[in-house]
Amino acid sequence: MKTSAGIEDLLRRMAPQVLAAVVRHYGNFDAAEEAVQEALLAAATQWPESGVPDSPQGWLITVASRRMADQRRSELARRRREATVASLAPPDELLAPAAETEYLKSGDDTLTLLFLCCHPALSLASQVALTLRAVGGLSTAQIARAFMVPEATMAQRISRAKQRIKATGARFHLPPEHERADRLQAVLHVLYLVFNEGYTATSGPDLQHGELTGEAIRLTRAVHRLLPGDCEVAGLLALMLLIDARRLARTWSDGTLVPLAEQDRDQWNRESINEGISLITRTLARGPLGPYQLQAAIAAVHAEATRAEDTDWPQILALYRLLEEMAPNPMVTLSHAVAVAMVSGPQTGLELLARLDTDDRLTAHHRLHAVRAHLLEMTGDREGARSCYRTAARLTTSLPEQHYLETRAARLLQDGR
């Protein structure tokens, strides 16, 4: 018999398939999602005692379909349609195939469901929340905790997203061929954001949320399984694996942040590193090149260095130059400036960083000041570095990052005496 943890993992993996089958059959995303959640709750309650059924997906689809049928009968009754509609089945030719039958024919609908959750009519925040709820199988409470918002706020966000999808008239099928590339990029961007929020939480007492990084990797694996020939999907999966491999080394036992250069690399997950390097190596060989592949290649160079001082910074710099040409954004420029400093000296890095001083997207972001502080410290400007560290600490809403930045500033003050 499976353990409760094993059943929870099984339910999470099956959730998108069950939801896809029910949405495909009934067409009401909002009601279907609620029915599937009830089925999952019933399974989580019953299976530890009764055992996992021979066909767990079929069991879940059947329970959710019964719930949908009950809702439909109630709705018909409320509207005072024919009194016998709730108890009489319509002629066979008017019946759609059973949801469980469609599941067997349709195969894996995870990608279709992801496309639906990342519908262009939704805001990015709503796309993220709905993806985690509908495809990831996380509860509203779990999503709210991860993003540090009240559960009621997150519930409202998810509800509005489902209503918005319903209002657009979107149906459960893959978007037209000419829209798929853009829609797939939206899906990958959502998964990338989920991973990043899990790896470095933007606010709160914890540096990272393992359930978000794990969910992002699991869903990206699912997309890669469905689209094995897509280079950017493979690149994103490789990037996640290589970055997540550092997780255990990122904090001391008290939760204090450990920067990359000071991490104990023996704690890095070699299995994830080997998988990520193998995946990005195969992917780069077949092209075409994309931003996620370049980021994965950079992460692979870091992973291949057994010590921080062995890092091949010239190669990383070359990759950042390509990335900035292909997908320019201020965060890339920040990392590019660090690579320039490691190759050509900190002053050169600071000159590159000066370009961002008038960029409204970053002037109030703590990372700009943190990177400048690091480069100023490399030049020997302790007072300038301390001031920037303190500014960065004041701007961040992550308590572990705030503590780390304040500690750096305090250490510079102490060293200068």
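Residues numbered from 1 in each chain as written. Predicted model: local features only at pLDDT ≥ 70, side-chain atom pairs only at ≥ 80, totals over all residues. Heavy atoms only, no water.

A look at helix α9 (residues 177-199)
Residue pairs spaced three or four apart in an α-helix point in one direction, given the helix's 3.6 residues per turn. Compared with the 33 Å implied by 1.5 Å per residue over 23 residues, the 33 Å span of α9 between its first and last C-alpha is a close match. Within the span of α9, buried status applies to Arg183, Leu184, Val187, Leu188, Val190, Leu191, Val194, Phe195, Glu197, Gly198 and Tyr199. The secondary structure elements touched by the buried residues of α9 are α5 (110-117), α6 (124-135), α7 (140-146), α10 (210-226), α11 (231-244) and α13 (291-304). (Helix = DSSP H or I, 4+ residues; strand = E, 2+ residues; numbered from the N terminus. Expected span 1.5 Å × (residues − 1). Buried < 20%, exposed > 50% of the residue type's maximum accessible area, 1.4 Å probe, protein only. Contact = heavy atoms within 4.5 Å.)

Overview of the environment of Thr281
Mapped onto the elements of the fold, Thr281 is located in helix α12 (residues 270-286). You can call Thr281 partly exposed: its relative accessible area is 48%. The spacing of Thr281 and Asp359 is 78 residues in sequence and 35 Å in space, taken between C-alpha atoms.

Here's the deal with the nonpolar core
Among the nonpolar cores identified, the biggest contains 83 residues, and Leu11, Leu19, Phe29, Trp47, Leu60 and Leu130 are the most heavily contacted of them. Looking at this core, the element that brings in the most residues is helix α1 (residues 4-26), giving 12 residues. Once residues lying within four places of it in the same chain are set aside, the contact partners of Phe29 are Leu19, Val23, Leu113, Leu116, Cys117, Leu130, Ala134 and Lys162. Among the nonpolar cores identified, the runner-up in size contains 39 residues, and Leu334, Ala341, Leu356 and Ala370 belong to it. (Core = buried A, V, L, I, M, F, W, Y, C linked by side-chain atoms within 4.5 Å.)

A look at the packing of aromatic side chains
Here the distance between the centres and the angle between the planes together describe a pair of aromatic rings. This structure, assessed with the given rule, holds three aromatic pairs. Summarising the aromatic geometry, the rings of Trp47 and Trp59 are spaced 5.2 Å apart at their centres and angled 70 degrees between planes, so their arrangement reads as edge-to-face. A residue pair is termed long-range when its members are at least 10 positions apart, and Trp47 in helix α2 (residues 29-50) and Trp59 in helix α3 (residues 56-78) qualify at 12 residues. When its relative accessible area of 1% is taken as the criterion, Trp47 is described as buried. The partly exposed category is assigned to Trp59, whose relative accessible area is 23%. Measuring from centroid to centroid gives 5.8 Å for Phe195 and Tyr199, while their planes differ by 10 degrees, and the two rings are stacked. With Phe195 and Tyr199 both in helix α9 and four residues apart, the pair spans about one turn of that helix. The same class applies to Phe195 and to Tyr199, which are both buried. (Phe/Tyr/Trp six-rings, centres within 6.5 Å; stacked < 30°, edge-to-face > 60°.)

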